[in-house]
Amino acid sequence: MAGLLQMTLDLFGAPAAAPAPEMAPAATPAPGTLEPGPAKPALPLADALAPANFTHPRASREVMLGNARVAYEFTRAQRRTIGFVVGVEGLSVRAPRWVALRDVDAALKEKGEWIVRKLDESRERQQRLDSTRIDWRDGATFDFLGEPVTVRLDPSHAFAGSGGAILDVAGDPGSGRVLRLALAGNASAAQVRDAAQAWLMRQARRIFTERLDHFAPRLGVRWNKLSLSNAATRWGSASADGGIRLHWRLVHFRMPVIDYVVAHELSHLRVMDHSPRFWETVESVVPDYGALRRQLKEQPVPRW
């Protein structure tokens, strides 16, 4: 049966096929991340024994894997193996046309523990992402350089020369910063979002330019063009002609994380791969790049 199996894990969107890896132990929380909160009260026995349910929106078959009921999308395909994909929608299974359904069920049960664990992880990640969704209105909050900012709609000021937005300190000590937008109190969510995004993108260009100018001489390279990216899966990229692309939403992170990404892309102007020599180049200017890299991967980014 092992020869028929192929499993992939996709937590971000379209799956990329790969053999199922051995699961590494849970990573130590990166610096700056929140420690787990107080332990939750024990579930009632009936709830603890109730089966978990995972249902794909296009489910056509169902199976019990341990104490979990898994309704999954099943398709036949021209392939040589049974493929499992765990994504944000749930479990998808693709099987060769000649494989009997009983063999598909046997394969699912053989790898049931792995499948349920991945479904749990995918669900938890989606819940974390949903919890970061920004409600674009007066009083909305988001992180800027790792610190909370509260949006206030302030139509009484034109904020000349500031693009209709200005950042100031809140009136109450310890209550954080306030982004004042020159919008009416009844502005739509789209108007608030677009105004905040325009301000963030201006800050991103200013900050990225400063950090590129800071690190380029230290790395002995020259950059000649900065482009702001909105890519779905990449924080940055570099081209051999000195062009640098950085995702504008990096400004949600702390400055050390931004510095890691800037140094990473500038290092590619010296080493156009991810060989040991490349990582040595990054380390020469960002010694703790490993911890910052983990934080970039693990910290949820606000959903827009």
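It should be emphasised that the depicted structure is a prediction, and the values quoted were computed from it without experimental measurement.

## Some words on the overall build of the chain
When its secondary structure is counted, the chain shows seven helices and 13 strands. A fraction of 53% describes how many contacts in the chain between residues 6 or more apart in sequence connect residues 24 or more apart.

## Considering the pattern of salt bridges
Applying the stated criterion across every chain yields a total of eleven salt bridges. A salt bridge links K118 to E121, with the shortest nitrogen-to-oxygen separation between them at 3.3 Å. Separated by three residues within a single helix, K118 and E121 lie in helix α3 (residues 112–131), roughly one turn from each other. Assessed through its relative accessible area of 2%, K118 is described here as buried. By relative accessible area, E121 is classed as partly exposed at 28%.

## Structural notes on the nonpolar core
The biggest cluster of nonpolar side chains holds 50 residues, and the ones touching the most others in it are F142, F208, Y260 and L266. At eleven residues, the largest contribution of residues to this core is made by helix α4 (residues 189–219). Beyond its immediate sequence surroundings of up to four residues, F208 is in contact with L226, L228, L246, H247, W248, L250, V251 and I258.

## Description of the pairing of strand β5 (residues 82–87)
Of all six residues in β5, five are buried; the element is thus mostly enclosed. One ladder, built from five bridges, connects β5 with strand β6 (residues 90–96); its direction is antiparallel. Across the sheet, the residue bridging to V86 is L91, located in β6. Linkage of β5 to β6, two consecutive antiparallel strands, is achieved through a turn of two residues.

## Observations regarding the pairing of strand β8 (residues 147–153)
Pairing between strand β7 (residues 141–144) and β8: four bridges, direction antiparallel. Within the sheet, the bridge partner assigned to D143 lies in β8 and is P148. Adjacent in sequence and paired antiparallel, β7 and β8 are bridged by two residues, among which L145 carries a positive phi angle near 55°. Across five bridges, β8 lies against strand β10 (residues 177–181) in parallel orientation. Its bridge partner being in β10, R152 is matched across the sheet by R180.

## Comments concerning the packing of aromatic side chains
In the structure shown here, the tally under the stated rule is seven aromatic pairs. Relative to Y289, the ring of W279 has its centre 5.3 Å away and its plane inclined at 10°; by these criteria the two rings are stacked. Linking W279 in helix α6 (residues 276–285) with Y289 in helix α7 (residues 289–298), this pair joins segments that are ten residues apart in sequence. Each member of the pair, W279 as well as Y289, is classed as buried. One aromatic cluster is present, formed by Y260, F278, W279 and Y289 through successive ring pairs. Stacked on the ring of F74, the Lys or Arg R61 has its end atom at 6.0 Å from the ring centre.

## Re the environment of E121
Residues E121 and G87 lie 34 residues apart in sequence; the distance between their C-alpha atoms is 9.9 Å. Of the polar contacts made by the side chain of E121, one reaches the side chain of K118; its length is 3.3 Å.

## Overview of the side chain of H252
Inspection of the secondary structure puts H252 in the loop between β13 (243–247) and α5 (255–267). Only 2.7 Å separates the side chain of H252 from the backbone oxygen of D143, close enough to count as a polar contact. Setting aside its immediate chain neighbours within four residues, H252 contacts F142, D143, F144, L145, G146, L200, V301, P302 and W304.

## Remarks on the sheet that holds strand β11 (residues 225–229)
Pairing within the open sheet is mixed, and its three strands lie in the order β11-β13-β12. With partners counted over all chains shown, the strands left at the sheet margins are β11 and β12 (236–238), one partner each. Averaged over all neighbouring strand pairs, the angle between strand axes comes to 15°, with direction disregarded. Two strands pair when backbone bridges link them, and β11 and β13 are joined in this way by five bridges, in the parallel orientation.

## Describing the packing of α5 against α7
When two helices pack together, you describe them by how their axes are tilted relative to each other and by the distance separating the axes. Interhelical geometry of α5 versus α7 gives an angle of 105° and a closest axis separation of 9 Å. The angle between the axes of α5 and α7 places the two elements in the roughly perpendicular class. Along the contact surface, α5 presents P256, V257, Y260 and V261, while α7 presents Y289, L292, R293, Q295 and L296. Among the residues forming the contact of α5 with α7, the class breakdown is seven nonpolar, one polar and one charged.

## Quick word on the confidence of the model for the chain
Should the pLDDT be low somewhere, the predicted coordinates at that spot are not to be read in detail. Per-residue confidence for the chain gives a mean pLDDT of 82, with 78% of residues at or over 70. Mean pLDDT values over the elements of the chain span from 46, in strand β1 (residues 5–9), up to 97, in α5. With pLDDT under 50 throughout, residues 7–48 is counted as low confidence; its partners more than four residues away or in other chains account for 42 contacts.

The rules behind each value
Residues numbered from 1 in each chain as written. Predicted model: local features only at pLDDT ≥ 70, side-chain atom pairs only at ≥ 80, totals over all residues. Heavy atoms only, no water. Helix = DSSP H or I, 4+ residues; strand = E, 2+ residues; numbered from the N terminus. Contact = heavy atoms within 4.5 Å. Salt bridge = Lys/Arg side-chain N within 4 Å of Asp/Glu carboxyl O. Buried < 20%, exposed > 50% of the residue type's maximum accessible area, 1.4 Å probe, protein only. Core = buried A, V, L, I, M, F, W, Y, C linked by side-chain atoms within 4.5 Å. Pairing = 2+ DSSP bridges. Phe/Tyr/Trp six-rings, centres within 6.5 Å; stacked < 30°, edge-to-face > 60°. Lys NZ or Arg CZ within 6 Å of the ring centre and 35° of its normal. Polar contact = N/O pair within 3.5 Å; in protein donor to acceptor, adjacent residues only side chain to side chain. Axes fitted to C-alpha atoms, helices over the stretch in contact; angles between N-to-C directions. Parallel < 35°, antiparallel > 145°, perpendicular 65-115°, else oblique. Nonpolar A, V, L, I, M, F, W, Y, C, P; charged D, E, K, R; others polar. pLDDT = per-residue confidence, 0-100.

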